[in-house]
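As a plain string of letters, each chain reads:
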Protein chains: 2
Amino acid sequence: MVPPKAIYVGPFVHCKTQLELDICEGGAIGVDETGKISFIERGTRVTGESAAKKHGWESFEVVCLRDQGFFFPGFIDTHIHASQYPNAGIFGKSTLLDWLNTYTFPLESSLSDLARARYVYNRVISRTLSHGTTTAAYYATIHVPSTNLLADICQTKGQRAFIGRVCMNSTMSPESYRDESTEQAISATRESIAYIQSIDPKHELVTPIITPRFAPSCTADCLEQLGALHKETGYPCQTHIAENKNEIKLVEKLFPEAKNYADVYDNVGLLTEKMILAHAVHLTEEEVALVKERKAKISHCPTSNTALTSGCAKVRNLLATGIDVGLGTDVSGGFSPSILEVARHAVWVSRYVAMIDGDDAKLSPEEVLYLATRGGAKVVGLPDQIGGFEVGMDWDAQMISLRTVPEDGEAQDEHEGPIDVFGWESWEDKLHKWLYSGDDRNTVAVWVKGRLVHQTSGYRP
Amino acid sequence: MVPPKAIYVGPFVHCKTQLELDICEGGAIGVDETGKISFIERGTRVTGESAAKKHGWESFEVVCLRDQGFFFPGFIDTHIHASQYPNAGIFGKSTLLDWLNTYTFPLESSLSDLARARYVYNRVISRTLSHGTTTAAYYATIHVPSTNLLADICQTKGQRAFIGRVCMNSTMSPESYRDESTEQAISATRESIAYIQSIDPKHELVTPIITPRFAPSCTADCLEQLGALHKETGYPCQTHIAENKNEIKLVEKLFPEAKNYADVYDNVGLLTEKMILAHAVHLTEEEVALVKERKAKISHCPTSNTALTSGCAKVRNLLATGIDVGLGTDVSGGFSPSILEVARHAVWVSRYVAMIDGDDAKLSPEEVLYLATRGGAKVVGLPDQIGGFEVGMDWDAQMISLRTVPEDGEAQDEHEGPIDVFGWESWEDKLHKWLYSGDDRNTVAVWVKGRLVHQTSGYRP
């Protein structure tokens, strides 16, 4: 499975800073046998041969971008429930707490059946790869065998993943779908960690992530022991916070001794720089300050927050505070497995905030693409390894193809994708068209650590 | 070009009322040579042969839906600027008034070039047809020849259309792109009307629509004469209203004698039951009452209102007042030419309103699909002819194909479309999946008045 050396030739785009894209209209990126970027040459006249010669490479593949388009870093989905994928788009008029009982727990519970888990997990990994997601932080279910199967599938298909066996031992969840006790929650978590260590000892692709579902679904005792496990193992953790107002009231009732929601996690040692907090729609100023102090990360899930009418997270405030923010599809609270869709939805949500709080709240296309890549890399703790194109980083990338409208203006076929480039657009215009209209048809190839993990019929290297 | 009689066999879905879908799991719809629905038979055992026999039909085509899916009425786009299509997705951080000057006027102005107009208009008609839009109310530009070309292309490709030559004679628009005088605006409008009468005397497919761009871009005199022309000819009219707060202030300044924005149009006889008002985001209660009294129609354009940070139209209030509302893509204030995308965005916008005004503001999937079809039919004045499946209505329809995830869960290819049906979903679930995740790949065939006007490789009748 070791890929050969390869040189990727064509325009490439990635985020230089939160506000600025680095648009290179032509160049060559050399990727070594371990999937790491070995060199980057810039210039529209650079060829695979010329770059190889300069760097003394003798044996290598050349992958050329022949249509209009560009290479872009793979997307990072910092919050996705793999087990809920079949419910994408099914949520009715529900909000968080009734949504869990009506739609979510029954589906998750059914994934104790390994055949069904394979059916669902094969599909969700194929789909997220097709949307350019090269790294994802997954919630599975409470079931150890199917959680382990999810890890196997990610490894087989080549997607970088954090795999969370879900802990939920409180009576808030139905008897048919919860951990029997704290002990059982912890031992099942350890079991899944051990399995992932056995299949990927160095966690080159797959890493366990400690996953208390959210405060209301765990007893104080369970949260405490998960905090201890986090400290003991050093593995990252993920949970939900302040998604919905009724949820916050429930937390206040269940944890009366805590100062606030964030404090529940902080009290047990779970609020650390390795914690991914999903949603954070309704954090108080005090909580924002605590999250910042602990260097905990936030996964912004705008499609989900809209679909479940949870509210609009004030991402500008979080960023201004200096908190690391990434994007999450939150399938199936979110209706789409595409981070590109989520990125444009992050623009929309910021505009709704701006309608009330003023223009400063607006996120730009550049900013949401940053959140989708570099921001996500920080959130999952890999800022030096993924999310951009730098020498020494891994080649986690997607080839974006944009077709030019033919001279007669007639449509070709539905395979060409939704973006129409007329030929007079600037690079900025083309990137905006991709952000606002692009879909999986434009993502013609995807690589993780140099390995080709997805391609469409539009891939003609 | 006269299509033969045809019988469409398979499940079909349309809106019975604003709140209720009519889901028929199997049936046959007979369409005569004029494109009208001649009979509707219900039942999963009905075949083309059995239906034909019952109705004494001897010579006919049978079109079967072989995959999972359903027939659905064609979408009605009640507000789209065909001339702005190349700018879809390009708007930066602008709001209405600077957006017009920065992006819109330069592009529209360039369509005086007929070759360029052909390039753009061929594409936008092909694209909207591919998204299932069977009827559209178009704004072209101020140029008569290219406006007429747009009418020609709609007729050739078979899309039902209202074609508006844009009137804009005030100095608010740049000198290079405005009507020289009221006289010139009126005579150019008459010229375009005469052309459309010459190519489609009975307006079976293409109808002229009187189009003052919006109050600020017309002088009072020009509006008055357009009102007179509306009265004289009986042709429908379309314009913009209360999209943006600065625009409203500008109208107050330019028309100090009017009580409000709606009153500007009412004073000149343009606020009638044949007027389509786009946006209506910030109408006052007084204006809503006037619009209702005059039976004027509203085109809700949620994607545009979000992209340009215009605001959130309170559609629930409009509907509760009894005003007819349809959906508009408002390309290119709106970033997508798809009414399906606009329909889901109407759900999102209603949720942002609900976050402030309460749950009653939420629009359901059924309601937005109603706005996209029956609602749009009322807005364009054809409620008895299009928007649903009833005997005597025209066969303006789309075939929606939904594929089932294969047993191994592996992805097939990108042509199959974005919706994953696992097999255990209810009909309601499948419709919601289509609404929230579907795209042009699911619309495998489109008919207008019984004529097949679009098909994909997935169309296997």
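Residues numbered from 1 in each chain as written. Chains lettered and ligands numbered in written order. Predicted model: local features only at pLDDT ≥ 70, side-chain atom pairs only at ≥ 80, totals over all residues. Heavy atoms only, no water.

- In the nomenclature of an unreviewed UniProt entry, chain A corresponds to Guanine deaminase from the organism Tothia fuscella.
- In its Catalytic activity (unreviewed entry) section, the UniProt entry covering chain A states "guanine + H2O + H(+) = xanthine + NH4(+)".
- Taken directly from UniProt, the Pathway (unreviewed entry) text for chain A runs: "Purine metabolism; guanine degradation; xanthine from guanine: step 1/1." (UniProt positions renumbered as here; feature names shortened; annotations may be inferred.)

1. Here's the deal with the overall build of chain A
Then comes step 1: On a plain count of helices and strands, chain A comes out with 14 helices and 20 strands.
Then comes step 2: Relative to the globule expectation of 23 Å for 461 residues, the C-alpha radius of gyration of chain A, 22 Å, shows essentially globular dimensions.
Then comes step 3: The buried share of chain A, taken over its 461 residues, is 68%.
Then comes step 4: Taking as baseline every contact in chain A between residues at least 6 positions apart, the subset at least 24 positions apart corresponds to 72%.
Then comes step 5: Summed over its atoms, the accessible surface of chain A is roughly 15300 Å², and 48% of this surface lies on carbon and sulfur atoms. (Helix = DSSP H or I, 4+ residues; strand = E, 2+ residues; numbered from the N terminus. Rg over C-alpha atoms; globule rule 2.2 N^0.38 Å. Buried < 20%, exposed > 50% of the residue type's maximum accessible area, 1.4 Å probe, protein only. Contact = heavy atoms within 4.5 Å. Areas by Shrake-Rupley, 256 points an atom, 1.4 Å probe, with all protein chains shown as cover.)

2. A word on the interface of chain B and chain A
Interfaces are often described in size by the accessible area the parts lose on coming together.
Then comes step 1: Contact residues are listed per partner, giving 68 residues for chain B and 68 residues for chain A.
Then comes step 2: When chain B packs against chain A, the two sides together hide about 5800 Å² of surface, and 55% of this comes from carbon and sulfur.
Then comes step 3: Considering only the side of chain B, the residues that lose the most area to chain A are Tyr119(B), Arg123(B) and Tyr352(B), jointly responsible for 13% of the buried surface there.
Then comes step 4: One can count 10 salt bridges joining chain B with chain A.
Then comes step 5: Residues Asp440(A) and Arg441(B) are paired through a salt bridge, measuring 2.8 Å at the closest nitrogen-oxygen approach.
Then comes step 6: Remark: the boundary between chain B and chain A carries 37 residue pairs in polar contact (both at pLDDT 80 or more).
Then comes step 7: At the level of secondary structure, the elements contributing two or more residues to the side of chain B that touches chain A comprise α3 (114-130), α10 (302-307), α12 (339-357) and α14 (427-437) of chain B.
Then comes step 8: In terms of residue count, α12(B) provides more of the side of chain B that touches chain A than any other element does, eight residues in total.
Then comes step 9: Each residue belonging to the side of chain B that touches chain A can be placed in one class, and the counts come to 27 nonpolar, 22 polar and 19 charged. (Buried area = accessible area lost by both parts, 1.4 Å probe. Salt bridge = Lys/Arg side-chain N within 4 Å of Asp/Glu carboxyl O. Polar contact = N/O pair within 3.5 Å; in protein donor to acceptor, adjacent residues only side chain to side chain. Nonpolar A, V, L, I, M, F, W, Y, C, P; charged D, E, K, R; others polar.)

3. Side note on the side chain of Glu367(B)
Residues and elements named next belong to chain B.
Then comes step 1: Here Glu 367 is to be found in helix α13 (residues 365-379).
Then comes step 2: Taking the relative accessible area as the measure of exposure, Glu 367 reaches 3% and is therefore buried.
Then comes step 3: A distance of 2.9 Å separates the side chain of Glu 367 from the side chain of Arg 316, its partner in a polar contact.
Then comes step 4: Beyond its immediate stretch of four places on either side in the chain, Glu 367 contacts Gln 18, Leu 19, Arg 316 and Lys 362.

4. Some remarks on the sheet that holds strand β1 (residues 6-9) of chain A
Residue and element names in this part refer to chain A.
Then comes step 1: Here four strands make up an open sheet; going across it, the order is β5-β4-β1-β6 and the pairing mixed. Bordering the open sheet on either side are β5 (37-42) and β6 (61-64), each of which pairs with just one other strand. Averaged over all pairs of adjacent strands, the angle between strand axes in this sheet comes to 15 degrees, irrespective of strand direction.
Then comes step 2: Examined bridge by bridge, β1 and β6 share four bridges and lie parallel to one another. Within the sheet, the bridge partner assigned to Tyr 8 lies in β6 and is Val 63. (Pairing = 2+ DSSP bridges. Axes fitted to C-alpha atoms, helices over the stretch in contact; angles between N-to-C directions.)

5. Regarding the pairing of strand β8 (residues 75-81) of chain A
Residue and element names in this part refer to chain A.
Then comes step 1: Of all seven residues in β8, seven are buried, a share of seventy percent or more.
Then comes step 2: Both β8 and strand β9 (residues 133-139) contribute to a ladder of five bridges, which runs parallel. Looking at β9, one finds that Phe 75 is bridged to Thr 133.

6. Considering the environment of Val315(A)
Residues and elements named next belong to chain A.
Then comes step 1: Note on placement: Val 315 falls in helix α11 (residues 315-321).
Then comes step 2: Residue Val 315 is classed as buried on the basis of its relative accessible area of 5%.
Then comes step 3: Note: C-alpha distance between Val 315 and Val 349 (34 residues apart in sequence) is 9.1 Å.
Then comes step 4: Once residues lying within four places of it in the same chain are set aside, the contact partners of Val 315 are His 300, Val 325, Leu 363 and Leu 371.

7. Topic: the relation of the copies chain B and chain A
Then comes step 1: When chain B is fitted to chain A, the residual RMSD is 0.0 Å, and the transformation amounts to a turn of 180 degrees plus an axial shift of 0.0 Å. Such a combination of rotation and displacement between the chain copies is what one expects of a two-fold axis. For chain B, the residue whose C-alpha comes nearest the rotation axis is His415(B), separated from it by 3.0 Å.
Then comes step 2: Taken as a fraction of all interface residues of chain B, those also at the interface in chain A reach 100%, which identifies the copy contact as same-surface. (Least-squares fit on C-alpha atoms with pLDDT ≥ 70 in both.)

8. Regarding the environment of Thr133(B)
Residue and element names in this part refer to chain B.
Then comes step 1: The topology assignment puts Thr 133 in strand β9 (residues 133-139).
Then comes step 2: On the accessibility criterion, Thr 133 (0% relative accessible area) is buried.
Then comes step 3: Between the C-alpha atom of Thr 133 and that of Ile 339, which follows or precedes it by 206 residues, the distance is 7.1 Å.

9. Side note on the domain arrangement of chain A
Residues and elements named next belong to chain A.
Then comes step 1: For chain A, the assigned domains are domain 1 (6-73 + 388-455) and domain 2 (75-379).
Then comes step 2: Using only C-alpha atoms to locate each centre, domain 1 and domain 2 end up separated by 30 Å.
Then comes step 3: Counting from both sides, the interface comprises 33 residues of domain 1 and, opposite them, 30 residues of domain 2.
Then comes step 4: For the pair domain 1 and domain 2, the summed buried surface comes to about 2700 Å²; carbon and sulfur atoms form 59% of the total.
Then comes step 5: The largest per-residue losses of area from domain 1 upon contact with domain 2 belong to Gln 18, Leu 435 and Tyr 436, which jointly make up 27% of the total buried on that side. (Domains from an automatic or database assignment.)

10. Remarks on helix α6 (residues 220-233) of chain A
Side chains of residues three or four places apart in an α-helix project in the same direction, reflecting 3.6 residues per turn.
Residues and elements named next belong to chain A.
Then comes step 1: In a regular helix each residue adds 1.5 Å, so 14 residues correspond to 20 Å; α6 covers 20 Å between its end C-alpha atoms and thus fits that length.
Then comes step 2: Those residues of α6 that fall on the buried side of the exposure criterion are Cys 222, Leu 223, Leu 226, Gly 227, Leu 229 and His 230. Within α6, the buried residues cover an arc of 160 degrees as seen down the axis, which keeps them to one side. Away from its buried face by more than 90 degrees, α6 exposes Glu 224, Lys 231 and Glu 232.
Then comes step 3: Buried residues along α6 sit against β11 (166-167), α5 (182-199), β13 (211-212), β14 (237-241) and α8 (261-267).
Then comes step 4: The positive-phi residue at the C-terminal boundary of α6 is Gly 234, with phi of around 75 degrees. (Expected span 1.5 Å × (residues − 1). Arc of directions from axis to C-beta.)

11. A word on helix α2 (residues 96-110) of chain B
Then comes step 1: The end-to-end C-alpha distance of α2(B), which contains 15 residues, comes to 20 Å, matching closely the 21 Å that a straight helix rising 1.5 Å per residue would cover.
Then comes step 2: Buried-residue contacts for α2(B) involve β8 (75-81), α3 and α7 (245-254) of chain B.

12. What about the sheet that holds strand β4 (residues 27-31) of chain B?
All names here are of chain B.
Then comes step 1: Read across the open sheet, the four strands follow the order β5-β4-β1-β6; overall the sheet is mixed. Only two strands of the sheet have a single neighbouring strand rather than two, namely β5 (37-42) and β6 (61-64). Each adjacent strand pair in this sheet contributes to an overall mean axis angle of 15 degrees, direction not counted.
Then comes step 2: Two strands pair when backbone bridges link them, and strand β1 (residues 6-9) and β4 are joined in this way by four bridges, in the antiparallel orientation. Across the sheet, Ile 7 pairs through a bridge with Gly 30, a residue of β4.
Then comes step 3: Against the sheet, helix α1 (residues 48-55) touches β1, β4, β5 and β6, its axis set at about 120 degrees to β5.

13. Remarks on the pairing of β5(A)
Residue and element names in this part refer to chain A.
Then comes step 1: Alignment of strand β4 (residues 27-31) against β5, held across five bridges, turns out to be antiparallel. Along β5, the bridge assignment pairs Ile 29 with Ile 40.
Then comes step 2: A loop of five residues connects β4 with β5, the two strands running antiparallel in sequence, and Gly 35 in this loop sits at a positive phi of about 85 degrees.

14. Quick notes on the packing of aromatic side chains
Aromatic ring pairs are reported here in terms of the distance separating the ring centres and the angle at which the planes meet.
Then comes step 1: Going through the model one piece at a time under the given rule, you end up with 53 aromatic pairs over all chains.
Then comes step 2: With 5.8 Å between their ring centres and 35 degrees between their planes, Tyr261(B) and Tyr265(B) make a pair best called tilted. On the criterion of helical spacing, the pair formed by Tyr261(B) and Tyr265(B) is a turn pair, its members being four residues apart in helix α8 (residues 261-267). One exposure class covers both Tyr261(B) and Tyr265(B), and it is buried.
Then comes step 3: Seen from the ring of Trp57(A), Lys5(A) lies directly overhead, with NZ or CZ sitting 4.7 Å from the centre.
Then comes step 4: Seen from the ring of Trp424(A), Arg116(B) lies directly overhead, with NZ or CZ sitting 3.8 Å from the centre. (Phe/Tyr/Trp six-rings, centres within 6.5 Å; stacked < 30°, edge-to-face > 60°. Lys NZ or Arg CZ within 6 Å of the ring centre and 35° of its normal.)

15. Topic: the nonpolar core
Then comes step 1: With 182 residues, the main nonpolar core has Tyr265(A), Trp434(A), Tyr265(B) and Trp434(B) as its most contacted residues.
Then comes step 2: If we skip the residues at most four places from it in the chain, Trp434(A) touches Phe70(A), Phe72(A), Phe75(A), Leu340(A), Arg344(A), Leu369(A), Ile400(A), Ile419(A) and Asn442(A). (Core = buried A, V, L, I, M, F, W, Y, C linked by side-chain atoms within 4.5 Å.)

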